[in-house]
Amino acid sequence: MLSAKKYIIFGLGREYKKYQRLIESLYVVAYVDNGMAEKKVFNGKPVISVDRVLDYKFDEIMITSAKYADEMIGQ
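The rules behind the values
- Residues numbered from 1 in each chain as written.
- Predicted model: local features only at pLDDT ≥ 70, side-chain atom pairs only at ≥ 80, totals over all residues.
- Heavy atoms only, no water.
- Helix = DSSP H or I, 4+ residues; strand = E, 2+ residues; numbered from the N terminus.
- Buried < 20%, exposed > 50% of the residue type's maximum accessible area, 1.4 Å probe, protein only.
- Pairing = 2+ DSSP bridges.

**With respect to the environment of Y7**
Along the chain, Y7 falls in strand β1 (residues 6–10). Each C-alpha atom, one on Y7 and one on I61, is 5.6 Å from the other, the two residues being 54 residues apart in sequence.

**A look at the pairing of β1**
Most of β1 is tucked away, with four of its five residues classed as buried. Sheet analysis places β1 next to strand β2 (residues 27–32), joined by five bridges and oriented parallel. Looking across to β2, one finds that K6 is bridged to Y27. Bridge count between β1 and strand β5 (residues 60–63): four bridges; the pairing is parallel. By the bridge assignment for β5, I9 is matched with M62.

This is the structure in structure tokens:
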């Protein structure tokens with residue numbers, strides 16, 4: 001594990017796959033993907049919808065989707 005920081009990862013699509021090896025070395029508390037929310041657990045961690053992000057304690061957000069970047073800016 002590279003960092004003691006807790007991460008939330010936004011997006012599990014094409015951009016996520018580019019950085020998957022790096023992300024797997026981080027302490028991820030949850031993944032955010034509205035299309036997969038509540039259906040699966042990803043790498044042993046929950047996949048949640050955007051509206052549930054504040055239910056988790058985290059230090060950093062990594063956005064691997066332009067779609068989610070737009071949603072975050074809007075909030």
